[in-house]
Amino acid sequence: MKALITGNEAVSTAVKLARVEVIAAYPITPQTSIAEKLSQYCSSGELDADFIKVESEHSALATVMGASSAGVRTFTATSSQGLALMHELLHWSSGARLPVVMANVNRALGAPWNIWCDHSDSLSQRDTGWLQFYCESCQEVLDTVLIAFRLAESVFTPVMVMLDGYILSHTAEPVEIPEPEQVDRFLPKYQPLAAIDPKDPHTYHAVTSPEYFMEFKQRQFEAARQAEAVAREVSADFAKQFGRHYALTESFMCEDAETIIVAAGTSAGTGRYVVRRLREQGRRVGLLRVRMFRPFPFEEIRTLLGGAARVAVLDQAISPGSEGVLFQEVRSALYQAGGSGPEIYDFVTGLGGRDILPSYIEEMVEKVENGGKAGLARVNWLGLKS
Amino acid sequence: MSEKTESARAELLKYLKEEPFGCGNLACPGCGEPLAMREVLNALESQAVLVIPACCGSIIDGLFPYTSARVPILHTPFASAASTSCGVLHGLRRRGFKNTTIIAWAGDGGTYDIGLQALSSTVERNEDYLYICYDNEAYMNTGIQRSSSTPLLAWTTTTPEGDLKKAPKKNIIEILAAHRIPYAAAATVAYPEDLVAKIRKARATSGSKFVNILSPCPTGWQTRPDLSIKISRLAVKTNVYPLYEVHHGERLVLIDNPEPRPVEEYLKLQGRFSRLSATDIRHIQEQVDHNWSLLRKKADEII
């Protein structure tokens, strides 16, 4: 069945289809309509779940952590400051190996106050141990939430699904809604590996001395790396069930490209439009969209970008005092000890919801093709007012 | 081994097997926390799951891979005792565990201070769980820093000599009662029958329950470990820590103390109060008398 729904409705629909049992969420713009819709589903009985109306995002994640530890499928959603408030528990939940799934509606972090889209909220949580997906369409949002549960419950690692604030969260698109029976086949009831059992008491997450701590962290690290291969398997199975295939990265006209633009989220759509236009002029330009950011698909990205002469990364999040966040990761994928690769340049734009215009992306391509290293700074800003 | 030793050993092993909490715990000598834990778990016949935030209790249970508890324990970050407990509650209820009491087990720092927001929220929603604060009146796990539960004019490392705590102890029971919580009570390890009775009442009550257990800390109170019970008993006998309960935020039941002892008897046994002048002690006595008369006025029943 096809329906015209927003990105936030796609999230709520997926959570309903996933038969989540415990949800806790706190309202924050532009996530709020996810929490509203889910609480309505729970009230009406459309979804047989407990919706817990907590007093903060910190408590939202603490609550779903408790429920997940008790062995049920859980979900939460947030944005921006809310995600930042969860920070402590992001580390805790991944260390506790809880397969919580969260939707984060991308929004800038203050100060100053801003409610519009950029990727600084979720990219600044990159080291928390959560797996991360960035979506480009409402269909992809719905499908990725379902994939996220399968993946999280396979590698016992929490997964965050990102959708651009307003651009996806509040924009309606035609979305194919899967049949519940189909989803049940793809995503059977959650089978915890270890859950609190009053009849079989265990202590969880007790103080762990230097003698044991590193092994816990190494296993967590391995699980997150292993998630790359598992994500490919889960996506293949998803394609078999539903006919829609999602790779970890999506390349567009990259095969013979001399210049490749790298982007994440909805800006990739604008990027593809620019690539098509430049191709009409005979320019050999391509685009690579990073869909999975954690684990970062290093090899896949190196293979796809390795043949290009130059790479231009479009960053919607910065690390002040360093560089754009996506840029750091892409460069890390391209360059290893003793290796060589294309020239790579960093461009920052679209912060706090500033529209990413096709002209900015054209400017990026012009600059890297003509300017080369000499004409460009370490970090280059696009669309700044002078 | 003589027959007598053998039978004592068998007795001890039987005891350790049956005890829900004890063997090998890491508490300091004279600590009230493991005593409170034993009484509470025994009162609940071990039909409980504990959620413990950062506090002495998160150390006392033991370091991985050891544990002193025979009930499940879930450790959680500092501000999350209440909210994590409610997650466990909903998860376990959905999995069919209807009779297990979910307990948030936190110190006064995790209750009066950093965890108060989450506690307030869960109680406002009247979640069906039991919140227990073992109250040792300061951040003892980090080495004796003042909390909002630290009493007036007590010494701590952050209320040092010359700058003893100026504010009185926060009244947590009144805060909980203002939420119209079905059951809130003050107890102490020195009166185990009263503590057990209160825990059983809490179990029999649906919705949110809160029990504050005054829990002596020889390390932080600077007292002799063998005096812990005596000191907690004096806390009650001097009216410093009255034993009472509030039902649904309205009906207050107070245990009477017809012949109160002077507060000095309580204070003089504790190094944390050793810097007090006669005037300070008089001031504390006035405060204690004032609080006691307010409580008696509010009491619907004095037993």
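Computed from a predicted structure; not experimentally measured.

So, how was this worked out
- Residues numbered from 1 in each chain as written.
- Chains lettered and ligands numbered in written order.
- Predicted model: local features only at pLDDT ≥ 70, side-chain atom pairs only at ≥ 80, totals over all residues.
- Heavy atoms only, no water.
- Helix = DSSP H or I, 4+ residues; strand = E, 2+ residues; numbered from the N terminus.
- Rg over C-alpha atoms; globule rule 2.2 N^0.38 Å.
- Buried < 20%, exposed > 50% of the residue type's maximum accessible area, 1.4 Å probe, protein only.
- Contact = heavy atoms within 4.5 Å.
- Buried area = accessible area lost by both parts, 1.4 Å probe.
- Salt bridge = Lys/Arg side-chain N within 4 Å of Asp/Glu carboxyl O.
- Nonpolar A, V, L, I, M, F, W, Y, C, P; charged D, E, K, R; others polar.
- Domains from an automatic or database assignment.
- Pairing = 2+ DSSP bridges.
- Axes fitted to C-alpha atoms, helices over the stretch in contact; angles between N-to-C directions.
- Right-handed = clockwise from strand over helix to strand, strands pointing away.
- Core = buried A, V, L, I, M, F, W, Y, C linked by side-chain atoms within 4.5 Å.
- Expected span 1.5 Å × (residues − 1).
- Arc of directions from axis to C-beta.
- Phe/Tyr/Trp six-rings, centres within 6.5 Å; stacked < 30°, edge-to-face > 60°.
- Lys NZ or Arg CZ within 6 Å of the ring centre and 35° of its normal.

## Quick notes on the overall build of chain A
1) Next: Secondary structure summary: chain A contains 13 helices and 16 strands in total.
2) Next: The globule rule puts the C-alpha radius of gyration for 386 residues at 21 Å, and the 21 Å found for chain A is close to it.
3) Next: Its C-alpha atoms put chain A at 70 × 55 × 45 Å along the principal axes.
4) Next: Here chain A holds 386 residues, and 58% of them are scored as buried.
5) Next: Sequence-distant contacts in chain A: of pairs separated by 6 or more residues, those separated by 24 or more amount to 80%.

## Focus: unusual backbone geometry
1) Next: For the bond from A:Thr29 to A:Pro30, the omega torsion is 0 degrees, close enough to zero to count as cis.
2) Next: By the element assignment, A:Pro30 lies in the loop between strand 2 (22-24) and helix 2 (32-44).
3) Next: At the junction of A:Ala111 and A:Pro112, the peptide bond is cis and its omega measures out at -5 degrees in the coordinates.
4) Next: By the secondary structure assignment, A:Pro112 is in the loop between strand 5 (101-106) and helix 6 (120-123).
5) Next: The phi dihedral of B:Gln222 is positive, around 60 degrees, even though this residue is not glycine.

## Notes on the interface of chain B and chain A
1) Next: Listed per partner, the contact involves 37 residues of chain B and 40 residues of chain A.
2) Next: A buried area of about 3,000 Å², summed over both sides, lies between chain B and chain A, and 64% of it is on carbon and sulfur atoms.
3) Next: The tally of links from chain B across to chain A stands at three salt bridges.
4) Next: With its nearest N and O atoms 3.3 Å apart, the salt bridge here joins B:Arg94 to A:Asp48.
5) Next: Counting only elements with at least two residues in the side of chain B that touches chain A, the list comes to helix 3 (56-60), strand 2 (73-75), helix 4 (81-94) and helix 6 (116-124) of chain B.
6) Next: A class-by-class count of the residues in the side of chain B that touches chain A yields 17 nonpolar, 14 polar and six charged.

## As for the domain arrangement of chain A
Residue and element names in this part refer to chain A.
1) Next: For chain A, the assigned domains are domain 1 (2-242) and domain 2 (249-381).
2) Next: On the domain 2 side, the residues contacting the 30 residues of domain 1 number 28 residues.
3) Next: Of the roughly 2,300 Å² buried between domain 1 and domain 2, counting both surfaces, carbon and sulfur atoms make up 51%.
4) Next: Our enumeration of links across domain 1 and domain 2 arrives at six salt bridges.

## Concerning the sheet that holds strand 7 (residues 159-164) of chain A
1) Next: If you trace the seven strands from one edge of the open sheet to the other, you get 3-2-4-5-7-6-13 (chain A), paired in mixed fashion. Unpaired on one side and paired on the other, strand 3 (50-52) and strand 13 (292-294) of chain A mark the two borders of the sheet. The mean inter-strand angle of the sheet, taken between neighbouring strand axes irrespective of direction, is 20 degrees.
2) Next: Both strand 4 (residues 74-78) of chain A and strand 5 of chain A contribute to a ladder of four bridges, which runs parallel. When the sheet's bridge partners are listed, A:Phe75 is paired in strand 5 of chain A with A:Val101.
3) Next: Set on the sheet, helix 1 (residues 7-17) of chain A makes contact with strand 2, strand 4, strand 5 and strand 7 of chain A; between it and strand 7 of chain A the angle comes to about 155 degrees.
4) Next: The strands touched by helix 4 of chain B within the sheet are strand 2 and strand 3 of chain A, with strand 3 of chain A carrying the most contacts at an inclination of about 175 degrees.

## Details of the pairing of strand 5 (residues 183-188) of chain B
Regular strands have side chains that alternate between both faces of the sheet.
Residues and elements named next belong to chain B.
1) Next: Of all six residues making up strand 5, six are buried, and the element is well covered by its neighbours.
2) Next: Neither face of strand 5 is left uncovered, since the one carrying Tyr183, Ala185 and Ala187 and the one carrying Ala184, Ala186 and Thr188 both have all their residues buried.
3) Next: Read as a crossover between parallel neighbours, the route from strand 5 over helix 8 (residues 192-204) to strand 6 (residues 209-214) is right-handed.

## Let's talk about the nonpolar core
Nonpolar side chains in soluble globular proteins generally cluster together in the buried interior.
1) Next: B:Trp105 and B:Tyr131 are the most contacted members of the largest nonpolar core, which has 96 residues in total.
2) Next: The element that contributes the greatest number of residues to this core is helix 4 of chain B, accounting for six residues.
3) Next: Filtering out sequence-adjacent residues up to four positions away, B:Trp105 remains in contact with B:Glu33, B:Ala36, B:Met37, B:Val40, B:Leu50, B:Val51, B:Ile52, B:Pro53, B:Cys55, B:Ile132 and B:Tyr134.
4) Next: Of all hydrophobic cores here, the second largest spans 56 residues; its members include A:Leu17, A:Ala18, A:Val101 and A:Leu151.

## With respect to helix 12 (residues 278-298) of chain B
Residues and elements named next belong to chain B.
1) Next: The first and last C-alpha atoms of helix 12 sit 30 Å apart over 21 residues, in line with the 30 Å expected at 1.5 Å per residue.
2) Next: Within helix 12, burial applies to Ile281, Ile284, Val288, Trp292 and Leu295. In an axial view of helix 12, the angular spread of the buried residues amounts to 70 degrees, which keeps them on one side of the axis. Facing away from the buried surface of helix 12 by more than 90 degrees, the exposed residues are Arg282, Glu286 and Lys297.

## Looking at the packing of aromatic side chains
1) Next: Summed over the entire model, instances satisfying the criterion amount to 14 aromatic pairs over all chains.
2) Next: Ring centres of A:Phe296 and A:Phe298 lie 5.2 Å apart, and the angle between their planes is 65 degrees; on these two criteria the pair is classed as edge-to-face.
3) Next: For A:Phe298, a relative accessible area of 26% puts it in the partly exposed group.
4) Next: Both rings, one in B:Trp105 and one in B:Tyr134, keep their centres 5.7 Å apart while their planes meet at 20 degrees; by these two values the pair is stacked. Remark: B:Tyr134 occurs in strand 4 (residues 130-135) and B:Trp105 occurs in strand 3 (residues 101-106); sequence separation between them is 29 residues. Like B:Tyr134, B:Trp105 is buried.
5) Next: An aromatic cluster is defined as three or more aromatic residues linked by ring pairs; in this entry it consists of A:Tyr134, A:Phe293, A:Phe296 and A:Phe298.
6) Next: A cation over an aromatic ring shows up here: A:Arg150 above the ring of A:Phe186, its NZ or CZ 4.7 Å from the ring centre.
7) Next: The side chain of A:Arg272 reaches across the aromatic face of A:Phe252, ending 6.0 Å from its centre.

## Concerning the pairing of strand 7 of chain A
All names here are of chain A.
1) Next: Most of strand 7 sits inside the fold, with six of its six residues counted as buried.
2) Next: On strand 7, burial covers both faces: Val159, Val161 and Leu163 on one face and Met160, Met162 and Asp164 on the other are all buried.
3) Next: Examined bridge by bridge, strand 5 and strand 7 share six bridges and lie parallel to one another. In the strand pairing of strand 7, Asn106 is matched with Asp164.
4) Next: Sheet analysis places strand 6 (residues 131-134) next to strand 7, joined by four bridges and oriented parallel.

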